[in-house]
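So you can see what is in the structure, the chains are spelled out below.
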Amino acid sequence: MLPIERQQRIIDELNLNGRVIVAELVTLCQVSQETIRRDLTQLEKRGLLQRSHGGAVPAKRQAANIQGNTRGVNEYELSFRQRVNEHVDAKMAIAKRALDFISPGDCILLDSSTTCWYLARQLPDIELTVLTNSIRIVQTLAARGSIRTICLGGEYSDRYEDFHGVVAEQPLREFQINKIFFSCSSLGNDGYLREGNENNAHLKQQMLLAAERKHLLLDGSKFLRPSFARICHYRDVDFLITDQLKDKELEQELAWNGVNIIDCSQRSHSMQLIKN
């Protein structure tokens, strides 16, 4: 087991049980106590947990969520308002590149990620149908006369400025959706896309099932880092549009699994990778 896989396992156990014990992690991961302690130290430095005697507990900013949250929202996940100001240049570049995959007459699905909000802001006023669960995207497209905007309703989250739940999922079965553009919290070393909470992860699973072509918009900060709830494997994605993919082994794995890698920093070369 690679260190990043082991550390993801530790975070998963912490989220599941509310604490982790060194002795139990030694058995679970089949490594020494010294290795587990080093992992815990590294995770503590990243703000993902707090060391305690014989193990670790959630970081203070996570504790309130684990002790009393009935909705399953991970408070460690930044709010929309916080995320929208992170990696702005990368998100703008990715969104601009994604425009090349949108044609007049398309019915597209945009998730509530900040990258998709940047995409919505750059959409030209052409004949499109846009489905989204993001209140920000609905507001952005309200003045576009040629774009038909359909909001997926449901339970509203002020933290994420979006809708989720069964009510949001139901309309997805009623439309023929050409393309989905979405992001996520991370693409892990185990090959899975993950979200910070299970509500968003489940809705994105349903979104992916409803769309013919799947476009993942992912800036370089989201590769190979831990996150909570599983969405799908990267082999379920048709296109990965990113500003950088420095891990050559991961890049090769993606290509072997049929994922078209669109590097928006190398525009002319990336077009050669697109499947028809």
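The notes below deal with the structure included here. The shown structure was predicted, so the numbers you read here are calculated from the model rather than taken from an experiment. (Residues numbered from 1 in each chain as written. Predicted model: local features only at pLDDT ≥ 70, side-chain atom pairs only at ≥ 80, totals over all residues. Heavy atoms only, no water.)

### Focus on the sheet that holds strand β14 (residues 239–242)
- Strand order in the open sheet formed by seven strands is β6-β5-β4-β9-β12-β14-β15, with parallel pairing between adjacent strands. Of all the strands in the sheet, just β6 (147–151) and β15 (260–263) have a single pairing partner and so form its edges. Between one strand axis and the next, the sheet turns by 20° as a mean value, whatever way the strands run.
- When strand β12 (residues 211–218) meets β14, the two strands line up parallel, connected through four bridges. The partner of histidine 215 across the bridge, within β14, is phenylalanine 239. (Pairing = 2+ DSSP bridges. Helix = DSSP H or I, 4+ residues; strand = E, 2+ residues; numbered from the N terminus. Axes fitted to C-alpha atoms, helices over the stretch in contact; angles between N-to-C directions.)

### So, the sheet that holds strand β1 (residues 20–21)
- Pairing is antiparallel across the open sheet formed by three strands, whose spatial order is β1-β3-β2. Every other strand in the sheet has two partners, leaving β1 and β2 (50–52) as the edge strands with one partner each.
- By the bridge criterion, two bridges tie β1 to strand β3 (residues 55–57) in an arrangement that is antiparallel. Paired with valine 20 across the two strands is alanine 56, which belongs to β3.

### Quick look at the environment of glutamine 42
- Relative to the elements of secondary structure, glutamine 42 occurs in helix α3 (residues 33–45).
- Exposure remark for glutamine 42: the relative accessible area of 41% places this residue in the partly exposed category.
- Separated by 35 residues in sequence, glutamine 42 and glutamine 7 place their C-alpha atoms 9.0 Å apart. (Buried < 20%, exposed > 50% of the residue type's maximum accessible area, 1.4 Å probe, protein only.)

Keep in mind these values describe shape, not function.
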